[in-house]
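# Observations on the model geometry
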Amino acid sequence: MSTEQLATGAENTWCKGCGNFGILAAVTQVLSDLEKQGIDLHNVVIASGIGCHAKIVDYLKINSFYCIHGRVPPVVTGIKLANRSLKVIGFAGDGDAYGEGLSHLIMSAKRNIDVTMIIHNNRVYGLTTGQFTPTSPKGFKGRSTPRGSLEAPLNPILLMLSAGATFVARCYSGKIENLVEVIKAGITHKGFAFIDVLQPCFTFFNTYGFYNSNTYVMEDHDPTDFKKALERAMEWNMTEEGKIPLGIFYRQEKDTFDELILSGKKLDQLAPLDITSVLSRER
Ligand code: SF4
């Protein structure tokens, strides 16, 4: 299908200038390209949570599912376990993924379920008109923090590296070429692919100027080196200053949860658990 054929024709209600448009354009391009490379789009399922990001499933002519707040990771896990031949892509917002659904996100990365999670990280609750989220900078003034947030933001890249995600990347919705390339790599990666997309909320937290001046695409980085990935992840800590590296921080191939749980052969290959040695270690 062409990018035009992938559009549903549903009225788009995102604010003018919203960074979600960049993500929609990139995902549409990726899906169209993947179909040309032989992936049947009938075998692609997308799911979204609650928030402005979630409307993306309304705008794409792809099998889709709306989840409750924060529950995209368990829903995409269930879809993948029900039918391993599907390509499953979850979309979530920063409040959705790093607030309400944080433990689900961590457990999905830890299990290495073979799905892709794309986080629309605008660092504010946009749909509910401007409250701070786990990735808002310290001092953020919004409707729930009129004098400024007292909390330091989470660093999602560090979080996912430590949780065990086998593909960890950051993009910016204003750098479409890089966004297309990374999303395509994430969807074709075997294992849990995590992509944090910096997505300005034009209405409640306009970060375009800062990201346009401070983001850069990593060109000298080896994504197979975990220690280097940690170093690059700490280059920027979601504050309002510093240079922001974009691209794939880490990529590794290992057995996925779905193949381990559904393949008797693989389970047979696992070493039997020696409970006596485990208990003696605990003492
Ligand atoms: Fe986009 Fe913010 Fe408007 Fe939501 S409130 S549609 S995130 S600009």
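In this report, we go over the structure that sits alongside the text.

### Side note on the overall build of the chain
On a plain count of helices and strands, the chain comes out with 11 helices and eight strands. For the chain, whose C-alpha radius of gyration is 19 Å, the value lies close to the compact-globule estimate of 19 Å for 283 residues. Considering the chain as a whole, with its 283 residues, one finds that 51% of them fall into the buried category. Here the contacts in the chain between residues at least 6 apart in sequence split such that 72% fall between residues at least 24 apart. Looking at the chain as shown, the accessible area adds up to about 13,200 Å², and 55% of this sits on carbon and sulfur atoms. Computed over 29 positive and 29 negative side-chain charges, the inter-centroid distance for the chain is 4 Å.

### Quick notes on the site of the ligand
Taken together, W14, C15, C18, C52, N122, G126, Q199, C201, F202, T203 and F204 are the residues near the ligand. Split into classes, the residues belonging to the shell around the ligand amount to seven nonpolar, four polar and no charged.

### A few points about the pairing of strand β6 (residues 193–198)
Counting buried positions along β6 yields six of six residues, so the element is predominantly enclosed. The side-chain alternation of β6 yields two buried faces, one formed by A193, I195 and V197 and the other by F194, D196 and L198. Looking at chain direction, strand β4 (residues 116–121) and β6 are connected through six bridges and run parallel. Counterpart to I118 in the pairing with β6 is I195. Both strand β5 (residues 167–172) and β6 contribute to a ladder of six bridges, which runs parallel. Bridging across to β6, A169 finds its partner in I195. In this view, the connection linking β5 to its parallel neighbour β6 by way of helix α6 (residues 176–188) has right-handed handedness.

### Some points on the side chain of T215
For T215, the location among the structural elements is in strand β7 (residues 215–217). A distance of 2.8 Å separates the side chain of T215 from the side chain of K175, its partner in a polar contact. Among the polar contacts made by the side chain of T215, one reaches the main-chain carbonyl oxygen of Y211 at a distance of 2.7 Å. Ignoring anything within four residues of it in the chain, the contact list for T215 reads Y172, K175, L198, I244 and L246.

### Quick word on the packing of helix α1 (residues 20–36) against α6
Two elements in contact, α1 and α6, have axes separated by 9 Å at closest approach and are oriented at 50 degrees. It follows from the interaxial angle that α1 and α6 lie oblique. For the pair α1 and α6, the crossing hand works out as right-handed. Residues G22, I23, A26, V27, Q29, V30, D33 and L34 of α1 touch α6, and the partners they reach there are I176, L179, V180, I183, K184, I187 and T188. Classifying every residue of the contact of α1 with α6 by side-chain character gives 10 nonpolar, three polar and two charged.

### Re helix α4 (residues 102–111)
Every buried residue belonging to α4 is among L105, S108 and A109, and all of these are buried. Viewed along the axis of α4, the buried residues span an arc of 100 degrees, placing them on a single side of the element. Tucked into the core, α4 has its buried residues touching α2 (72–82), α3 (94–100), β4, α5 (156–163) and β6. N112 occupies a position one or two residues after α4 and carries a positive phi of about 60 degrees.

What counts and how
- Residues numbered from 1 in each chain as written.
- Predicted model: local features only at pLDDT ≥ 70, side-chain atom pairs only at ≥ 80, totals over all residues.
- Heavy atoms only, no water.
- Helix = DSSP H or I, 4+ residues; strand = E, 2+ residues; numbered from the N terminus.
- Rg over C-alpha atoms; globule rule 2.2 N^0.38 Å.
- Buried < 20%, exposed > 50% of the residue type's maximum accessible area, 1.4 Å probe, protein only.
- Contact = heavy atoms within 4.5 Å.
- Areas by Shrake-Rupley, 256 points an atom, 1.4 Å probe, with all protein chains shown as cover.
- Lys, Arg positive; Asp, Glu negative; His and termini not counted.
- Charge placed at Lys NZ, Arg CZ, Asp CG, Glu CD.
- Near = heavy atom within 4 Å.
- Nonpolar A, V, L, I, M, F, W, Y, C, P; charged D, E, K, R; others polar.
- Pairing = 2+ DSSP bridges.
- Right-handed = clockwise from strand over helix to strand, strands pointing away.
- Polar contact = N/O pair within 3.5 Å; in protein donor to acceptor, adjacent residues only side chain to side chain.
- Axes fitted to C-alpha atoms, helices over the stretch in contact; angles between N-to-C directions.
- Parallel < 35°, antiparallel > 145°, perpendicular 65-115°, else oblique.
- Left-handed = near helix turned anticlockwise from the far one by under 90°.
- Arc of directions from axis to C-beta.

Limitation: the analysis is restricted to geometry and does not speak to function.
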